[in-house]
Amino acid sequence: MTRRFTRTGPATALATILSVAAASHAASAQDTAQPEAPASQPQATQAAPSDGGTTIQTAPGVAVGDDAAAPATPANEQDQGTPATASGENGGAADGTQTADALVARAPAQQRQIGSDWPFWGGGANATRFSPLDQIKPENVDQLEKVWTYRTGDMPTEKTKGKYSPEGTPLKIGDALYICSAMNVLSSVDARTGEERWRYDPKVSPDAIPYGATCRGVAYYEMPDATDGQACAARIIEGTLDARLIAVDARTGEPCEDFGENGQVDMWQGIGETVPGWYAVTAPPAIVRGIAVTGAQVKDGQAEDAPSGVIRGYDAVTGELAWAWDLGNPELTGAPPEGETYTRGTPNMWTQATGDEELGLVYLPLGNSSVDYYGGNRSDAENEWATSLVAIDVTTGKPAWHFQTVRYDVWDYDLGSQATLIDFPNKTGDGTTPAILLPSKQGDIYILDRATGEPLVPVGEIEAPKGGVEGDAYADTQPTSGYHTLRKDALTEADMWGITPLDQLFCRIAFRQAAYNGIYTHPTADRHWIEYPGYNGGSDWGSVAVDTENGVIVANYNDVPNHNRLIPREEADERNLKPIDEKQAGDESGSKAEGEGDAQAGSPYAIDVNAGWRAPFTGIPCKQPPLGGIRAIDLATGKTLWDRPLGTARRNGPWGIPSFIPLSIGTPNNGGSVVTKGGLVFIAAATDNLIRAIDEKTGETVWSDVLPAGGQANPIVYEQDGRQYLVIQAGGHHFMETPVGDYYIAYALPED
């Protein structure tokens, strides 16, 4: 049955002293932690295929061409940045969307710059995660001290225990930070002291949690031509786990009455049949030319008849639907007619988009169709658009181009990283080309012309292995980057290991029994197959950082396989594997690893994924370490400058018992980095609960500190009153098996 659009409805020695990664299935220099002792600090307060192997298509007929805070400091102060401006008035269409003329009339707005502020999720509008601040350097970083700790108060309850993975990155505009907690509680805190100014709780129900309670961040928007003292002249916009888009006043935290209905928009409209936890928003919207563009996470592995992956753009002031892009029904540009829905089961965007204000494009890293590991019922459109970077013209809602990184994806290799806008050096040495840098879960890093999507470095082809349950349906070849890949060589039996001879023997036997012919080994049902890299990368949502002054990419990555098997439907029924919409109240939800006994209803197979391929006796991964690393890459040439393991063994061990050994062996990691003009890379992400500073030139760790919970989040760097701050969320992560917390921690050099 084809899905129709009309449907609505190094390593033996290490083995004796540690376990590398009992800590996680999800996600060279030494790391040394400072003593795990509390630092003296003020405690913040809070309320309780084409030529050259390229898979790229340009859409025909498409022309491509921050604090509440703001009033808290003088408007003419340099730190304050320049408020965004735009022209054009909103116009309405019969279906509730804005008219094309009104959208096209919107002029590019001046963007706030990264520096004293961190105004976008990716730092600046280009998402480089590069800070021009240089007060903290390799020479003085060892003097860093905790200066404040803020606690959101959002911790798991009995209903949400084992389901928290906050992954939060705050914004900083003016003298305020803007934060969202795991369950979407918004707050604003003083950038200097960490003292809470306001909080807003949207009251998200626990049953809305999909894989985990996650809010990666918020967006900040300033109304054009706002009057002095106007409510919500500057606003914070977030998407919630229960699929609402919420806007509050950046100054007070009060809902913006002019946005949607009393400050919120219901994103379930037009989605069709769904249940809580199936359709959720975990990333902030990208705001381009006044349009807040967002997708949603559709919980994987449940059913082919899943909520739509439709992308929608909303007016950032009124909340009015400006346009919708439904890849299965491209003629539908607004809300579906009564009784109909957006196309079900289409690829979605769960991660963070990037906007180009000048071009008027928003770049969407798309995921896979529902379901991930079987493609026999997918439509032609799904096969065309899935696992692609799609550029949408925000003035029309129409795609300008797309670049596909996997053909007929049956590995859950969705694009998880935010793409980064760069100026890429021309080979002729006569300037640069505006480009977009795209990391992938397979480890490939692509460099594309951001206006056209054409590769600026040739794209090669990998011949795909034969085999798998779908036979000739699979793609014969897959694209691979000619610029750079983080991917390591194919696994061999010698890569299998354990902390005892028994563990190693078990893993070697399992390796021999599994289907494995390198990357893109196709899914099998008669035996397990090895997926390497696994679905956590390569690169994932933490994305990469780019030092635009020195031309250096900093990319952390995972290096773990998955051990999977398709489950024939009869066996799945015997195991009572059901999709989320057929489960009964009280059934386990949100705590399993993605793919661990997922029903994939509507297809001939369910799926079992052993993420990280962990041995059953000890929970130790079958692949020898390192299981994660961090690398510096020359931007101009794509050559590796240095590469090292990321993460120590201090919190890992067999049976989940910490070894407390500060040996840098490389653990799975979840989260990203920030790189600064001072020559430092700041990153947590690993399973050792450390925040560390790495010398950008050498790759050596020059400072670290112990966090009170897991650091699976992206840090930020900003300046306030002449002092440079480093802030990281210590929220932990249930999939990474790090302790959960509600902390935001700030570091700075001692004041004179």
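1. Remarks on the overall build of the protein
Per the secondary structure count, the protein includes five helices and 44 strands. Roughly 25700 Å² of accessible area belongs to the protein as shown, and the carbon and sulfur atoms make up 48% of that amount.

2. Here's the deal with the state of the cysteines
The full count for this structure, using the stated rule, is three disulfides. Across a sulfur-sulfur distance of 2.1 Å, Cys 180 and Cys 215 are joined as a disulfide pair. Torsion about the S-S bond of the Cys 180 and Cys 215 cystine: about -105°, corresponding to left-handed handedness. Of this pair, Cys 180 sits in strand β5 (residues 176–180) while Cys 215 sits in the loop between β7 (196–200) and β8 (219–222), and the two are 35 residues apart along the sequence. Residue Cys 180 is classed as buried on the basis of its relative accessible area, which comes to 2%. Under the relative-accessibility criterion, Cys 215 is labelled buried at 1%. Between the sulfur of Cys 232 and that of Cys 256 lies a disulfide, 2.1 Å long from S to S. Disulfide Cys 232-Cys 256: torsion about the S-S bond near -100°, hence left-handed. With a gap of 24 residues between them, Cys 232 in the loop between β8 and β9 (234–239) and Cys 256 in the loop between β10 (244–249) and β11 (264–266) connect regions that are remote in the sequence. Here the two residues Cys 232 and Cys 256 agree in accessibility, since each one is buried. Taking only the cysteines that form disulfides and numbering them from first to last, the protein has the pattern 1-2, 3-4, 5-6.

3. Let's talk about the side chain of Ser 131
Inspection of the secondary structure puts Ser 131 in strand β2 (residues 130–131). Dropping the residues within four chain positions of it, Ser 131 is found in contact with Ile 114, Val 675, Thr 676, Lys 677 and Val 717.

4. Considerations on the pairing of strand β23 (residues 432–439)
A regular strand carries its side chains on alternate faces of the sheet. The buried count for β23 comes to six of eight residues, which makes it a mostly enclosed element. Here strand β22 (residues 420–425) runs beside β23; their pairing, made up of six bridges, is antiparallel. Looking at β23, one finds that Asp 423 is bridged to Pro 434. Count of turn residues in the β22/β23 antiparallel hairpin: six residues, of which Gly 429 carries a positive phi of about 75°. Both β23 and strand β24 (residues 444–449) contribute to a ladder of five bridges, which runs antiparallel. Paired with Ala 435 across the bridge in β24 is Asp 449. In this antiparallel pair of consecutive strands, β23 and β24, the connection spans four residues, and Gly 443 shows a positive phi of 100°.

5. A word on the sheet that holds β10
Taken together, the four strands give an open sheet; going across it, the order is β8-β9-β10-β11, and neighbouring strands pair in antiparallel fashion. For this open sheet the edge positions go to β8 and β11, each flanked by a neighbour on one side alone. On average, each strand axis in the sheet is tilted by 20° relative to the strand beside it, whichever way the strands run.

Calculation notes
- Residues numbered from 1 in each chain as written.
- Predicted model: local features only at pLDDT ≥ 70, side-chain atom pairs only at ≥ 80, totals over all residues.
- Heavy atoms only, no water.
- Helix = DSSP H or I, 4+ residues; strand = E, 2+ residues; numbered from the N terminus.
- Areas by Shrake-Rupley, 256 points an atom, 1.4 Å probe, with all protein chains shown as cover.
- Disulfide = S-S within 2.5 Å.
- Buried < 20%, exposed > 50% of the residue type's maximum accessible area, 1.4 Å probe, protein only.
- Contact = heavy atoms within 4.5 Å.
- Pairing = 2+ DSSP bridges.
- Axes fitted to C-alpha atoms, helices over the stretch in contact; angles between N-to-C directions.

None of the figures reported here should be taken as evidence of function without further support.
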